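Each chain, letter by letter, is given below.
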Amino acid sequence: MINTKITIAGITLKNPVMTASGTFGSGMEYGEFVDLNRLGGLITKGVSNIPWVGNPTPRVAETYGGMLNAIGLQNPGIDVFLERDLPFLNQYDTVSVINVCGKTVEDYVEVVERMADTKIGMLEINVSCPNIKEGAIAFGQNTEALFHITKEIKAKAKQPVIMKLSPNVTDIGEMARAAEAAGADGISLINTITGMKIDIHKRKFALANKTGGLSGPAIKPVAVRMVYQAAKAVSIPIIGMGGIATAEDAIEFMLAGASAVCVGAMNFVNPYTTIEVIEGIESYMKKYGVKEISDLIGAVE
Amino acid sequence: MSQAEETKGNLKKKETAIVSLQREIAPGIFDLWVKTDLAGNAKAGQFISIYPKDKSTLLPRPISICEIDRMKQRIRLVYRVQGVGTMEFSRYQQGEEISILGNLGNGFPIDKTKGKKTLMIAGGIGIPPMLQAAKDTQGEVTFVVGYRDQNLFLLEDMKKYGTVFIATEDGSVGTHGNVMDAMKENEIKADLIFSCGPLPMLKAIKQFAQEEEIEAYLSLEEKMACGVGACLGCVCKTKKVDHHSHVHNTRICADGPVFDATEVEI
């Protein structure tokens, strides 16, 4: 028998496979393809206190082995989330995690407080979206700002707080330590890497926003390295992500120090990726006689 | 096929299709027939996404359905080679297995055509989806189609279902100019418009339909990632607050690609 259960900040996931914020909506669209009950957890698209319209189009562009996006956190806001998305999520036996975004600390706290009496299992705080002008990444590229917002949110949060970190920093270990020092229950990384693409035929930017966040298999080695560095820096659990396409990729992140993983851009490439990763992890455990999946966390030698 | 891929009863699915025929019907324009059981539920105006095999090009390419052969379980896709993905597709041979996602999007409101004179206005690579729309229409059909030059792909197919008026950019066939010029020159009237093509053309049709008070449905396109409504990459501005997004943006892939012209701000 193998045990794929993982506990993060007191919340038990049936397996370590989750969905990366912004790639899976609130689960409705991909519920047509996969049984959401099989997921370890489902992390929603960013939710703000009021509806956000997002950026102009084009918002997405393909790059070698990856993609750029500059959606700009378009979302219907917390009222619609509570009325429509949350009841949908509540039907499933998976840990629902809301990704929270905002322009000010107060915006974040408002959403966090409204989650208090819900079945949401964890809060993932987006301080790392590279595609909006105010908020988000502004809190995630400076240790003092990150410490401050984490502390404010922790003071109000009823669920475990996971701070989602940006790779667009000089020292990821320093950012991870700031989140931990402020009381974060965990961290997730990496968000997308800021990038750019130019259409040489039209001499125009591929994205209306000019810059966008790079995701997909192209960023995986960077993400594995950063998860490893963060794991060396802190003792709180880490949710690792960045280009995971297969179970082998997921295991690599766990060996680097992640307690759980997220499938992101690859949902767009193969809507069944999450399930294939879950099944592949089980096969790996059987093949190598790994009885407890937690034995893989940080087990790189 | 993995266990996950076998999930039954789903409306949309990723599956393996078999190339049954492919030929180049005009320079850079390819006519691809694939065998797929998605044909059973496919509708005119919907689209299929094809996944390139080259793993450096990850995202599925959305291509509108040109024709559906429900009996033989085949779907026809006519596309233009535009980049690395479509370049790969153009090399697919008969019998080759390809990975597709479908059926995506809403399709044209065919039930509105009953007893009406429907005008199919299309330009360039916007022409293909009009063919199945015309086949399914329950009334009189007139096509007004714009091409660059004398490479009049799909013309013979369209003639089977209605009268065809042509405009060419170089003036080699029909009206010299665009579809709007052909409309004026031939004094074309209609009760209903279905349209697909370049954005400037769609803008002109939206304005024309408004002035003439004709109901019009436009098939839009945008750079897409997921194709199923999750990523919010392919949005279009809307007149009213959208029912799903709760902002003035609608998802072209999931809530379109066909929209009532009065509802979208293009």
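Within every chain, residues take consecutive numbers counted from 1 along the sequence as written. Throughout, the order in which chains and ligands are written sets their labels, letters from A for the former and numbers from 1 for the latter. At least 70 in pLDDT is required for a residue's local features to be given in this predicted model, at least 80 for side-chain atom pairs to be given and counted, and no such filter applies to totals for whole chains, interfaces and linings, which use all residues. The side-chain figures draw on all heavy atoms in the structure; neither hydrogens nor water molecules are used.

### A few points about the sheet that holds strand S11 (residues 193–196) of chain A
All names here are of chain A.
- At least two bridges found by DSSP between two strands is the condition for calling them paired. Labels follow the DSSP assignment, with helices taken as runs of H or I lasting at least four residues and strands as runs of E lasting at least two, numbered in each case from the N terminus. As summarised here, the arrangement of the four strands in space is S5-S6-S14-S11, forming an open sheet in which the pairing is antiparallel. Edge positions in the open sheet fall to strand S5 (60–63) and S11, since each of these has one partner strand only. The average undirected angle you get between the axes of adjacent strands in this sheet is 40 degrees.
- Across four bridges, the pairing between S11 and strand S14 (residues 211–215) is antiparallel. Note on geometry: axes are C-alpha line fits, over the in-contact stretch for helices, and angles between N-to-C directions span 0 to 180 degrees.

### Some thoughts on the sheet that holds strand S9 (residues 161–164) of chain A
Residue and element names in this part refer to chain A.
- One open sheet accounts for eight strands, arranged S3-S16-S15-S10-S9-S8-S7-S4; its pairing is parallel. Sheet topology places strand S3 (17–19) and strand S4 (41–47) at the edges, where each strand pairs with a single neighbour. Pairwise comparison of adjacent strand axes, ignoring direction, gives a mean angle of 25 degrees for this sheet.
- In the sheet, strand S8 (residues 122–126) pairs with S9 via four bridges, with the strands oriented parallel.

### Considerations on the domain arrangement of chain B
All names here are of chain B.
- Residue ranges assigned to the domains are those given by an automatic or database domain assignment. Annotation of chain B at the domain level lists domain 1 (4–104), domain 2 (110–219) and domain 3 (220–266).
- The C-alpha centroid of domain 3 is placed 23 Å from the C-alpha centroid of domain 2.
- What makes two residues a contact is simply this: any of their non-hydrogen atoms within 4.5 Å. At the junction of the two partners, domain 2 supplies eight residues and domain 3 supplies ten residues.
- When two components associate, each loses some accessible surface as probed by a 1.4 Å sphere; the sum of these losses over both components is called the buried area. In total, about 860 Å² of surface goes out of reach between domain 2 and domain 3, with carbon and sulfur atoms giving 65% of it.
- Three residues, Lys206, Leu218 and Ser219, lead the burial of domain 2 against domain 3; their summed loss comes to 57% of the area buried on that side.
- For this document, the term salt bridge refers to a Lys or Arg side-chain nitrogen within 4 Å of an Asp or Glu carboxyl oxygen. On the surface where domain 2 and domain 3 come into contact, there are zero salt bridges.
- Any pair of nitrogen or oxygen atoms within 3.5 Å is treated as a polar contact; in protein, a donor-acceptor pairing is required on top of that, and neighbouring residues in sequence qualify only through side-chain atoms on both sides. In this structure, the connection of domain 2 to domain 3 is made through four residue pairs in polar contact (both at pLDDT 80 or more).
- For this classification, Asp, Glu, Lys and Arg are treated as charged, while Ala, Val, Leu, Ile, Met, Phe, Trp, Tyr, Cys and Pro are nonpolar and the rest, including Gly, are polar. Here the residues of the side of domain 2 that touches domain 3 sort into five nonpolar, one polar and two charged.

### A short note on the packing of helix H5 (residues 220–233) of chain A against helix H6 (residues 247–256) of chain A
Residues and elements named next belong to chain A.
- In the contact formed by H5 and H6, the axes pass within 8 Å of each other and the chain directions differ by 25 degrees. One way to sum up the angle between H5 and H6 is to call them roughly parallel. For the pair H5 and H6, the crossing hand works out as right-handed. Residues Lys220, Ala223, Val224, Val227, Tyr228 and Ala231 of H5 form the contact with H6, whose participating residues are Asp249, Glu252, Phe253 and Ala256.
- Considered class by class, the residues forming the contact of H5 with H6 number seven nonpolar, no polar and three charged. Orientation labels follow simple angle bins: below 35 degrees gives roughly parallel, above 145 gives roughly antiparallel, 65 to 115 gives roughly perpendicular, and whatever is left gives oblique. Note on convention: the crossing is left-handed when the near helix lies turned anticlockwise from the far helix by less than a right angle, right-handed when the turn is clockwise.

### Re the state of the cysteines
Residue and element names in this part refer to chain B.
- The disulfide criterion used throughout: a pair of cysteine sulfur atoms within 2.5 Å. Counted by the stated rule, this structure contains zero disulfides over all chains.
- Here Cys231 is not cross-linked by a disulfide; its sulfur's nearest cysteine counterpart is in Cys226, at 3.8 Å.
- Cys231 gets classed as buried once you look at its relative accessible area, which sits at 5%. Burial status follows relative accessibility: with a 1.4 Å probe on protein chains alone, a residue under 20% of its type maximum counts as buried, one over 50% as exposed, and anything between as partly exposed.

### What about a nonpolar patch on the surface?
- Excluding any residue in a salt bridge, patches collect residues exceeding 30% relative accessible area, merging like charges within 9 Å and nonpolar Val, Leu, Ile, Met, Phe, Trp and Tyr side chains within 5 Å. Residue exposure ignores everything except the shown protein chains as possible cover, and the areas themselves are Shrake-Rupley values with a 1.4 Å probe. Taken together, the side chains of A:Met196, A:Ile198, A:Ile200 and A:Phe205 present a nonpolar region at the surface, about 420 Å² in accessible area.
- Among the secondary structure elements, A:Ile198 is positioned in strand S12 (residues 198–199).

### Details of unusual backbone geometry
- The omega torsion across A:Leu189 and A:Ile190 is 10 degrees, close enough to zero to call that bond cis.
- Mapped onto the elements, A:Ile190 comes out in the loop between strand S10 (186–189) and S11.
- Residue B:Gly102 is joined to B:Asn103 through a cis peptide bond whose omega torsion reads -20 degrees.
- With respect to the secondary-structure elements, B:Asn103 resides in strand S6 (residues 97–104).
- Not every positive phi belongs to a glycine, and B:Glu187 is a case in point at roughly 50 degrees.
- On the secondary structure map, B:Glu187 appears in the loop between helix H4 (179–185) and strand S11 (192–196).
- For B:Leu232, which is not glycine, the phi torsion reads 65 degrees and is therefore positive.

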